[in-house]
Amino acid sequence: MPNFMLLTGATGLLGQYLLRDLLDRGTDVAVVVRPSRTADARARIEAIMARQDRLAGRYLRRPVVLPGDLSAQGLGLGPEDRRWIGRSCRSVLHNAASLSFTSGGPRTEEPWKGNVGGTTNLVELACELGIPTFHHVSTAYVCGLRTGRILESDGACGQEFGNDYEASKLEAEGIVRSAGFPEPPTVLRPAIIVGDSLTSYTSTFHGFYTPLRVMAALLPSMAGLPPIPEALWMAALGLTGTEAKNLVPVDWVSRIATHVVTNPRLHGDTYHLTPAHRVPVREIAEVTKQSIVAKLARQYQDRSAEPLASTTGNLPDYLANSFRDQMATYTAYWRDDPEFDTANTSAAAGHLPCPVVDAGMLRRLCDFALDANFGWPRPTVSVPSFDVERDLPAVRTDRGTGLRSHDATAAECHVCLEVSGPGGGTWSLDAAGSHPRLGLPEGSDARVRLSIHTLDEIRRGIISASEAFRHGRLVVFSANGRTPDLVSAVQKIATSTEVPPS
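Residues numbered from 1 in each chain as written. Predicted model: local features only at pLDDT ≥ 70, side-chain atom pairs only at ≥ 80, totals over all residues. Heavy atoms only, no water.

Q: Teacher, can you tell me more about the overall build of the chain here?
A: Assigned secondary structure in the chain consists of 16 helices and 20 strands. When the 502 residues of the chain are sorted by exposure, 55% land in the buried category. Contacts spanning at least 24 positions in sequence make up 77% of the contacts within the chain whose residues lie at least 6 apart. (Helix = DSSP H or I, 4+ residues; strand = E, 2+ residues; numbered from the N terminus. Buried < 20%, exposed > 50% of the residue type's maximum accessible area, 1.4 Å probe, protein only. Contact = heavy atoms within 4.5 Å.)

Have a look at this one:
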């Protein structure tokens, strides 16, 4: 029986890492993704996976992509998608979330729309389709404005909240816990997620990055002026300088989450994904200023722009006031953090300690954000030169994802075909008859794995499927002696269409 994990929020920062780590661990993953204004759902996921390919130095497996929208009832999925999820998915990892701090309006707007409405829609779908296992990514800050030691078992206890985001995430937790799943849900509560501990990569520039982003926006007005001092940084946020924050690198959060959700014995608990050592807000302010000063110095060197003046002197009122106004929304966010208990996390993943976020890492994180211009303009989504779904001969199913011939039935499609690399994906292969078929995996009892590069070489006649199998470039997992048939099926699929010129 297929055992796919249905992942939401795969295009967000944490979602990108969860997708990579789950696939790398051998988990079969399906993702619900909303098309953007410039790319369809599959192209968005392909852009993420192509970056992971480059970092890993190898082609990675691809997930099944299901176009949908969490804000729509039933996630906006068609009947074919729903049937496939019901047959194939045995668990959900709900990672999608709105990071808006305040709605400024009714609960039909963000963050309520995504965090409460989206969770409600997903929970209803999971219950309707009989998916027994539900994992939910929340936040450690559902504790609101509480102080002291916060236990992993703590939930709603009449606390006040610093913003709508915190309140909406606690309400979402309640929806998941009260849904009546056959198995108790798992709740993961990370602290403030920052970029990768090694590469500093991030695609999300909220929270920790906000003061830096506001300062960077003021850079054109700051030439020849002193930088924004730490005292103003603190005053704009109502801080004294004694506060400290819980910052956690995204790669570590993903490692812990992947470890928990892929180990059934760890399911059903609540986990604080928080660090052992908090970061002083004064240190964050100092590093932020250093990074801004260095940025303007580089601009001065490269374009003969006027650099920042010395670090002494007074900032003009109009700049100081502008900084205060833009930071006002985040005042509660930068309050002193409480102490988060991590008994469950330590017991489950004590062998995976959180990297220490020190001044050196903070500086690298800030420099990355500035060099990346906070993710703008967004990178264009490239189209693979060879795409399995687009370029191999077959007829689309009703759902529009995956391929299948006219007479294929669910019962016939029972061999999982995994093509890694750009333009690849996960489908099903039917080796019966003279015309092998493609479609979504349904009841797979065997697997065929190869890279998009190998499949393209077979398609172009550079190598045969048999040769690829003998050289380990085409791998078959089958316990019923059908390996020759499956290798032959790949050959038929790859060579049954006219190959365009290189």
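The structure having been displayed, the exposition proceeds.
Q: Sorry, what's going on with the packing of helix α1 (residues 13–24) against helix α8 (residues 250–261) here?
A: To describe two helices that pack against each other, one gives the angle between their axes and the distance between the axes. Following both chains from N to C, one finds α1 and α8 inclined at 50°, their axes separated by 9 Å at the closest point. For the element pair α1 / α8, the angle class is oblique. For the element pair α1 and α8, the recorded crossing hand is right-handed. Here Leu13, Leu14, Tyr17, Leu18, Asp21 and Leu22 of α1 come into contact with α8, specifically with Val250, Asp251, Val253, Ser254, Arg255, Ala257, Thr258 and Val261. Residues belonging to the contact of α1 with α8 are distributed by class as follows: 9 nonpolar, 2 polar and 3 charged. (Axes fitted to C-alpha atoms, helices over the stretch in contact; angles between N-to-C directions. Parallel < 35°, antiparallel > 145°, perpendicular 65-115°, else oblique. Left-handed = near helix turned anticlockwise from the far one by under 90°. Nonpolar A, V, L, I, M, F, W, Y, C, P; charged D, E, K, R; others polar.)

Q: Quick question: what am I supposed to make of the packing of helix α14 (residues 452–459) against helix α16 (residues 483–495) here?
A: Between α14 and α16, whose axes approach to 8 Å, the crossing angle comes to 70°. The angle between the axes of α14 and α16 places the two elements in the roughly perpendicular class. For the pair α14 and α16, the contacting residues are Leu455, Ile458 and Arg459 in the first and Val490, Gln491, Ala494 and Thr495 in the second. Looking at the contact of α14 with α16, its residues break down into 4 nonpolar, 2 polar and 1 charged.

Q: What am I meant to see in the pairing of strand β11 (residues 270–273) here?
A: When a strand is regular, its side chains alternate between the sheet's two faces. The alternating pattern of β11 places Thr270 and His272 and Tyr271 and Leu273 on opposite faces, both of which are buried. With 4 bridges joining them, strand β7 (residues 186–190) and β11 adopt parallel strand pairing. Bridged to Pro190 within β11 is Leu273. (Pairing = 2+ DSSP bridges.)

Q: Is there a simple way to explain the environment of Thr133 in this structure?
A: With respect to the element layout, Thr133 can be found in strand β5 (residues 133–137). Residue classification places Thr133 among the buried residues on the basis of a relative accessible area of 10%. On a C-alpha basis, the gap between Thr133 and Pro182 in space is 7.4 Å, while along the polypeptide they are 49 residues apart. Leave out the neighbours within four places in its chain, and Thr133 touches Arg90, Ser91, Val92, Glu183 and His267. Among the polar contacts listed, one links the side chain of Thr133 to the side chain of Glu183, at a separation of 2.7 Å. (Polar contact = N/O pair within 3.5 Å; in protein donor to acceptor, adjacent residues only side chain to side chain.)

Q: Whenever I open this one, the nonpolar core confuses me. Can you help?
A: A general feature of soluble globular proteins is that nonpolar side chains tend to end up buried together. Ranked by internal contacts, the top residues of the largest apolar core, which has 87 residues, are Phe208, Trp233, Phe323 and Trp334. Contact partners of Phe208, with chain neighbours within four places excluded, come to Ile192, Val194, Leu247, Ile284, Tyr333, Trp334, Leu362, Leu365 and Cys366. (Core = buried A, V, L, I, M, F, W, Y, C linked by side-chain atoms within 4.5 Å.)

Q: Where do I start with unusual backbone geometry in this structure?
A: In most cases, non-glycine residues show a negative phi, while peptide bonds are predominantly trans. The residue after Glu110, namely Pro111, is reached through a cis peptide bond having omega 5°. For Pro111, the location among the structural elements is in the loop between β4 (89–94) and α4 (112–129). Here the amide bond leading from Trp376 into Pro377 is cis, since omega sits at 0°, within 30 degrees of zero. Mapped onto the elements, Pro377 comes out in the loop between α12 (359–371) and α13 (388–391). The phi angle at Ser200 is positive, at roughly 70°, despite the residue not being glycine. Examined against the element boundaries, Ser200 turns out to sit in the loop between β8 (192–194) and α6 (210–222). In this structure, Phe374 takes a positive phi of about 55° despite not being glycine. Relative to the elements of secondary structure, Phe374 occurs in the loop between α12 and α13.

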